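# Residue-level structure breakdown
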Amino acid sequence: MHEVKGKDGVGAVMDSMELERQRGITIQSAATYTMWKGMNINIIDTPGHVDFTIEVERSLRVLDGAVLVLCAVGGVQCQTMTVNRQMKRYNVPFITFINKLDRQGCSPFRALQQMRTKLNHNAAFTQIPIGLEGNFSGIIDLIEERAIYFDGSFGQIIRYEDIPPENRMEANDRRQELVECVANADEHLGELFLEEKVPTVADLKAAIRRATITRCFTPVLVGSALKNKGVQPLLDAVLDYLPDPSEVHNYAIFNEEDTGESKKILMSSARDDSEPFVGLAYKLEAGRFGQLTYVRVYQGALKKGEYIYNSRTARKVRVQRLVRLHADMMEDVDEVYAGDICALFGIDCASGDTFTARTTANLSMESIHVPDPVISVAIKPTNKNDLDKFSKGINRFTREDPTFKVHYEPESRETIVSGMGELHLEIYAQRLEREYNCSCVMGKPKVAFRETISSPVSFEFTHKKQSGGAGQYGKVTGVLEPLPPEHYTKLEFLDKTVGTNVPKQFVPAVEKGFLEACEKGPLTGHKISGVRFVLEDGAHHMVDSNEISFIRAGEGALKQAMDKANVCVVEPIMSVEVVAPVEFQGVVIAGINRRHGVITGQDGAEGYFILYADVPLNEMFGYSTELRSCTEGKGEYTMEYCRYQPCLPSSQEELINKYLEATGQLPAKKGKAKS
């Protein structure tokens, strides 16, 4: 295996991005491969943080098996539960590796217990450690019943010995437990167990393999990656228990053009070119040489220089360069076969596209599940001249990462980016600065407040302007009425004039003036909405009346009515749905109440409860972080726009004061009170 750097301040080889080394976390998934005992293993290293869920999601989509790495100190954490759900979604069999056995306070037995209780897995140790923390010296293989020690500076020399006498008792108990757990999941071993026969090593390994591939059992291995202890047995276990491509049934969907029906077709995993090529582009990355497309080959072979078809766009592309990857190092190859993971250069496509050879043009692999973004912030470059770099970077990130969404809000003139969490967006802002030399400012997105009136007001307005030659004259009278609450976002214009006091050709001009004046309200400068302008009567002048006069008359009439009316500010209310474990019910409800939310209902299932509430959008900023921290990361929420309703008097006063300060009508407060 290639060398993996440990705690020396450089970080792992797979974390090739400078930002990953600085923070000591994985941000992007990286692909590599290794030869072990004559077998080729393709490996993808994925992030463990909740914010980078999509990386795990798309890697699990293309892999046949997984190694779930648990920390012996932390045990099953919130992200473990998310990953567990994803493995279930794609039906990926996995083995578990409990790492960091040399750390203070580690307990692999507690981690196993949590796997059984929190994740409901039928799991058992296939190895147990000899000594823990500082005394961790080797591991005991329960299947072969022997002790394994790792000598040499990198633990590369393996030494097999008998089980030490002090560990023999425990090893026997744990082996018995292992046989029982596997017997529950595998019929063949279950029969041997009931006949009270002792299974041979080969029987046991075959049973574990069958049970693991059907996801009925999870073997648990132990070790310490930092000291390279337990890594070789882990690679053996990958070969022994995880499926090879021929044992996994991958299906493609065949869309028939005439009938529009779709049926599933089983992919052939033979490593030759007898079947036509089918591959899935599961990840894009902008490398030094243009766009790099990661592809998992599901069927057939792909050779350099061949033409392949993108089944979504029906475009033909040529494979100019084919590489295999080890983190950011590449190795050119001439051909790849079913089961391989490779990368192509300079191919324009999107994440989740299927590539096929021409004969199977209508095949498409099932797509990747993309979770909805949970947090939005406003972002803009610090320097106006960096706008082209900014848009270039943002474009690239949205192509690479389907959970990173961008839209422009014309009303507040802001670019809003949405993602899976604050860390996710912060990392992208830092990458813009590092990779595109464009520093950005992130802030709370502006909320679309509106102004409306609470009772009808009448108006009578005359617009007169006399200068040399023809002047301007227009008079309108009528009523401004509030609309019912469900139409708070609409503006209506009603013409009730009779006769020719206001000539018909000038009525649209009055409406235009009314709509123009609604762009900015008198109270906080937000748009006016939720009102109906009823034109009842007016007057005109034979010579001086023209279109512009009535536009101005309509504007003036609205302003006059708004000055007389009782104006209130309305804000968007979101209907929020929070899902969290039952034990955090009190904290979550308190959090919603603190944000002025109104709880509309709740129900529960299997230890989780769902809370429905209506919360003002202005109060929801930063909620995802708060929810994660108060529910140990297990809570999640979704929200969607519900309606507008009048905001609290305190919020309204704050908005008015901010507007007056911004327009210079009120001296800005000095000192701490300014915030």
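Rules of the game
- Residues numbered from 1 in each chain as written.
- Predicted model: local features only at pLDDT ≥ 70, side-chain atom pairs only at ≥ 80, totals over all residues.
- Heavy atoms only, no water.
- Salt bridge = Lys/Arg side-chain N within 4 Å of Asp/Glu carboxyl O.
- Helix = DSSP H or I, 4+ residues; strand = E, 2+ residues; numbered from the N terminus.
- Buried < 20%, exposed > 50% of the residue type's maximum accessible area, 1.4 Å probe, protein only.
- Pairing = 2+ DSSP bridges.
- Axes fitted to C-alpha atoms, helices over the stretch in contact; angles between N-to-C directions.
- Contact = heavy atoms within 4.5 Å.
- Parallel < 35°, antiparallel > 145°, perpendicular 65-115°, else oblique.
- Left-handed = near helix turned anticlockwise from the far one by under 90°.
- Nonpolar A, V, L, I, M, F, W, Y, C, P; charged D, E, K, R; others polar.
- Core = buried A, V, L, I, M, F, W, Y, C linked by side-chain atoms within 4.5 Å.
- pLDDT = per-residue confidence, 0-100.
- Phe/Tyr/Trp six-rings, centres within 6.5 Å; stacked < 30°, edge-to-face > 60°.
- Patch = residues over 30% accessible without salt bridge, like charges linked within 9 Å, V, L, I, M, F, W, Y side chains within 5 Å.
- Areas by Shrake-Rupley, 256 points an atom, 1.4 Å probe, with all protein chains shown as cover.
- Lys, Arg positive; Asp, Glu negative; His and termini not counted.
- Charge placed at Lys NZ, Arg CZ, Asp CG, Glu CD.

## Description of the pattern of salt bridges
Overall, the coordinates contain 26 salt bridges when judged by the stated rule. R431 is the partner of E435 in a salt bridge, and the nearest nitrogen-oxygen pair spans 3.0 Å. Here R431 and E435 lie together in helix α10 (residues 422-436), a separation of four residues that amounts to about one turn. A residue is classified by how much of its surface remains accessible, and R431, at 3% relative accessible area, is buried. Ionic pairing is found between R552 and E555, a salt bridge with its closest N-O pair at 3.2 Å. One end of the pair, R552, and the other, E555, are both in helix α12 (residues 547-564), three residues apart, so they sit about a helical turn from each other. Judged by its relative accessible area of 34%, R552 falls in the partly exposed class. On the basis of relative accessible area, E555 is assigned to the buried category, the value being 15%. A single network of salt bridges, built from pairs that share partners, joins R116, R174 and E177.

## Examining the sheet that holds strand β9 (residues 157-161)
Within a sheet, neighbouring strands are paired by backbone hydrogen bonds and run either parallel or antiparallel to one another. The four strands are arranged β6-β7-β8-β9 in an open sheet whose pairing can be described as antiparallel. The open sheet is flanked by β6 (127-130) and β9, the only strands paired with a single partner. The sheet shows a mean angle of 30 degrees between the axes of neighbouring strands, taken without regard to direction. Relative to strand β8 (residues 146-151), strand β7 (residues 138-141) is paired through four bridges, and the arrangement is antiparallel. Within the sheet, the bridge partner assigned to D141 lies in β8 and is R146. The strands touched by helix α8 (residues 231-241) are β6, β7, β8 and β9; relative to β8, the strand with the most contacts, the crossing angle is about 125 degrees.

## Regarding the packing of helix α13 (residues 585-594) against helix α14 (residues 623-630)
It is the contact of α13 with α14, at a shortest axis distance of 10 Å, that shows an interaxial angle of 155 degrees. In terms of orientation, α13 lies roughly antiparallel with respect to α14. Here α13 and α14 pass one another in a crossing that is right-handed. Counted together, V587, V588, G591, I592 and R594 of α13 and Y623, E626, L627 and C630 of α14 form the full contact between these two elements. For the contact of α13 with α14, the per-class residue count stands at six nonpolar, one polar and two charged.

## Points about the sheet that holds strand β33 (residues 531-539)
Taking strand neighbours across the sheet as the criterion, the four strands line up as β29-β30-β33-β31 in an open arrangement whose pairing is mixed. Taken across any chain shown, the strands that pair with only one partner, and hence form the sheet edges, are β29 (457-465) and β31 (491-495). Here the average twist between neighbouring strands, direction ignored, is 25 degrees. Looking at chain direction, β29 and strand β30 (residues 472-482) are connected through nine bridges and run antiparallel. Looking at β30, one finds that V457 is bridged to L480. Running over the sheet, helix α11 (residues 507-517) touches β30, β31 and β33 and is turned about 155 degrees from β31.

## Notes on the nonpolar core
One finds I98, M115, F125 and Y282 to be the most contacted residues of the largest nonpolar core, which totals 56 residues. Per element, the largest residue contribution to this core is four residues, and it comes from β8. Apart from the residues lying within four places of it in its own chain, the contact partners of F125 are I98, P108, F109, L112, L142, R174, L178, V220 and V222.

## Observations regarding the side chain of T80
For T80, the position within the fold is in helix α3 (residues 78-89). Judged by relative accessible area, T80 falls into the buried class, the value being 9%.

## Quick word on the environment of L221
Looking at where L221 falls in the secondary structure, it is placed in strand β10 (residues 218-222). L221 sits 94 residues away from Q127 along the chain, and the two C-alpha atoms are 5.5 Å apart. Non-local contacts of L221, meaning those with residues more than four positions away in its chain, are made with I95, T96, F97, I98, T126, Q127, P233, L234 and A237.

## Re the packing of α11 against α12
Direction vectors running N to C along α11 and α12 enclose 45 degrees, while the axes themselves pass 7 Å from each other. Classified by the angle between their axes, α11 and α12 sit oblique to one another. Pair α11 / α12 crosses with right-handed handedness. Residues A509, V510, K512, G513, F514, E516 and A517 of α11 lie in contact with α12, whose contacting residues are E547, F550, I551, G554, E555 and L558. Of the residues in the contact of α11 with α12, the class split is seven nonpolar, two polar and four charged.

## Points about the confidence of the model for the protein
Taken as a whole, the protein shows an average pLDDT of 82; of its residues, 94% reach a score of 70 or greater. Segment residues 1-11 is flagged for pLDDT under 50; beyond a separation of four residues in sequence, or across chains, it makes 16 contacts in the model.

## Digging into the packing of aromatic side chains
Taken as a whole, this structure holds eleven aromatic pairs when the rule is applied. With a centroid separation of 4.9 Å and an interplanar angle of 35 degrees, the aromatic rings of F514 and F533 are classed as tilted. With F514 in helix α11 and F533 in strand β33, this residue pair connects regions lying 19 residues apart in the sequence. In terms of burial, F514 and F533 fall into one category: buried.

## Observations regarding a positive patch on the surface
Together, K380, K384, R413 and K446 give the surface a local cluster of positive charge. By the element assignment, K380 lies in strand β24 (residues 375-381).

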